[in-house]
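# Structural overview
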Amino acid sequence: MIDSISPWILNLASITASISIITCNHILLHMFPYVFTLSFLHYTFTALFLRYFTVQKNQKSTLHSLVILGLLGTAANCFQNASLRHNTVASYSMYKLFVIPAQVVIYRVVYQKKFSFESICSLFVLLFGVYLSTEPEMSNNWTGFILGTSAAVVVVPLQTVYVAEKCREYNWSSIQCNCQTTPFVSFFSFLLAFFIESKGVQSTCVKLMADGMLPIFLLWLLCSCLCAVGVNILTIAISRRSSAVSYSVLGHVKTIGVITVSVIRGGNARPTLQILAG
């Protein structure tokens, strides 16, 4: 099972999957700027993959918990895709580091968990680094700033903490959790996509076909969906076994990896010296 794999292997796989899906989605969202539809496709693919390629058993759960997990998962994924749509890859990754301090606040306020003085100090250093890196983005791109901080400070921390606590409560493995929750996330994402984006999706698909870009788009979409399966499983597996500080370290490594890929790819979205310093 995934949860019995060495933490080092899990972390390495998580870093690789995260860098890959961010790169794929950044390309996809410039061809197909529909975050709800992309979320629906990701979670539908994940649900079908787990349904046909894993062994499932009936797991303890309640409909109330699954609905909340589905709503939070939908909100987190859609906000992250919207943030990626309106930010550079490097800035998007820096905003995501806000998740760790927000998780600490939630655990302290809601679950009365205590953290060491050294841990708190390290989080202040993290916050300063994020501010240093994203200050230019705050002043020049308010839409990206609002989406990035909303996802990182509110939606994603609530979702990750709630998922981790429900996994401990129900003794779910990461795969069991995804088997239980992905159909709900897929359903809620479909509703949003249908009522908000359906007309735009149709016209964009017609344009992609007319431009001969549909095969390239479908290839990137397949790569993105495969990465989504890995990210969904690995994120839960790691959150069940790590503290806020170790999760913070992993977040830093992912950010360094994403920025490195941005530098290698080049283009207009290359990170600035200020982002690299942060």
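Use the structure listed above.
To keep things clear, this report deals only with the structure shown in the data block.

What follows covers the overall build of the chain. Along the chain, the regular secondary structure elements total 11 helices and zero strands. For the chain, the N- to C-terminal ordering of α and β elements is α-α-α-α-α-α-α-α-α-α-α. Going through the 278 residues of the chain one by one, you find that 50% of them count as buried. With an accessible surface of roughly 13900 Å², the chain has 69% of that area assigned to carbon and sulfur atoms.

Counting across every chain of the model gives three salt bridges. Between arginine 168 and glutamate 165 there is a salt bridge, and its shortest N-O distance comes to 2.9 Å. One end of the pair, arginine 168, and the other, glutamate 165, are both in helix α7 (residues 142-170), three residues apart, so they sit about a helical turn from each other. On the accessibility criterion, arginine 168 (36% relative accessible area) is partly exposed.

Considering the arrangement of structural elements, one finds threonine 88 in the loop between α3 (63-86) and α4 (89-96). In this structure the C-alpha to C-alpha distance between threonine 88 and histidine 26, which are 62 residues apart in sequence, comes to 8.5 Å.

Using the criterion set out here, one finds two cavities of 30 Å³ or more in the structure. Within this model, the second largest cavity holds a volume of roughly 50 Å³. Lining the second largest cavity we find Gln80, Ser83, Tyr92, Tyr95, Lys96, Val99, Gly148, Ala151, Ala152 and Val156. Sorting elements by how many residues they give to the lining of the second largest cavity places α7 first, with four residues.

Ile21, Ile22, Leu28, Leu84, Phe217 and Leu221 are the most contacted members of the largest nonpolar core, which totals 30 residues. Per element, the largest residue contribution to this core is nine residues, and it comes from helix α9 (residues 214-241).

What follows is about the packing of α3 against helix α8 (residues 174-210). Two numbers describe how α3 lies on α8: the axes approach to 8 Å, and their chain directions differ by 55 degrees. Considering the angle they form, α3 stands oblique to α8. Of the two elements, α3 crosses α8, and the hand of that crossing is right-handed. Packed against α3, whose contacting residues are Leu63, Leu66, Val67, Leu69, Gly70, Leu71, Gly73 and Thr74, the element α8 presents Gln180, Thr181, Phe184, Val185, Phe188, Ser189 and Leu192 at the interface. A per-class count over the contact of α3 with α8 returns nine nonpolar, six polar and no charged.

All told, the structure shown has eight aromatic pairs when counted by the stated rule. Geometrically, the ring pair formed by phenylalanine 32 and phenylalanine 217 is tilted, given 5.1 Å between the ring centres and 40 degrees between the ring planes. Here phenylalanine 217 lies in helix α9 and phenylalanine 32 lies in the loop between α1 (7-31) and α2 (35-53), a separation of 185 residues in the sequence. For the pair phenylalanine 32 and phenylalanine 217, a shared accessibility class is recorded, and that class is buried. A ring pair is formed by phenylalanine 40 and phenylalanine 190, whose centres lie 5.4 Å apart and whose planes are at 50 degrees; its orientation type is tilted. Taken together, the residues span a long stretch of sequence, with phenylalanine 40 in helix α2 and phenylalanine 190 in helix α8 at a distance of 150 residues. Its relative accessible area of 22% is what places phenylalanine 40 among the partly exposed residues.

On to unusual backbone geometry. Positive phi, normally seen in glycine, also occurs at asparagine 171, with a value near 60 degrees. Summarising the element assignment, asparagine 171 is placed in the loop between α7 and α8.

Another aspect to go through is the packing of α2 against α8. Helices that pack against each other are described as a pair by the angle of their axes relative to one another and the distance between those axes. Axis separation between α2 and α8 bottoms out at 6 Å; the angle between their running directions is 150 degrees. In terms of orientation, α2 and α8 fall into the roughly antiparallel class. Two packed elements cross with a definite hand, and for α2 against α8 that hand is left-handed. A class-by-class count of the residues in the contact of α2 with α8 yields 15 nonpolar, eight polar and one charged.

Parameters at a glance
- Residues numbered from 1 in each chain as written.
- Predicted model: local features only at pLDDT ≥ 70, side-chain atom pairs only at ≥ 80, totals over all residues.
- Heavy atoms only, no water.
- Helix = DSSP H or I, 4+ residues; strand = E, 2+ residues; numbered from the N terminus.
- Buried < 20%, exposed > 50% of the residue type's maximum accessible area, 1.4 Å probe, protein only.
- Areas by Shrake-Rupley, 256 points an atom, 1.4 Å probe, with all protein chains shown as cover.
- Salt bridge = Lys/Arg side-chain N within 4 Å of Asp/Glu carboxyl O.
- 1 Å grid on protein atoms, 1.4 Å probe; cavity = no way out; pocket = protein on both sides within 12 Å on 5 of 7 lines; lining within 4 Å.
- Points joined across faces, edges and corners; volume = space filled by probe spheres on them.
- Core = buried A, V, L, I, M, F, W, Y, C linked by side-chain atoms within 4.5 Å.
- Axes fitted to C-alpha atoms, helices over the stretch in contact; angles between N-to-C directions.
- Parallel < 35°, antiparallel > 145°, perpendicular 65-115°, else oblique.
- Left-handed = near helix turned anticlockwise from the far one by under 90°.
- Contact = heavy atoms within 4.5 Å.
- Nonpolar A, V, L, I, M, F, W, Y, C, P; charged D, E, K, R; others polar.
- Phe/Tyr/Trp six-rings, centres within 6.5 Å; stacked < 30°, edge-to-face > 60°.

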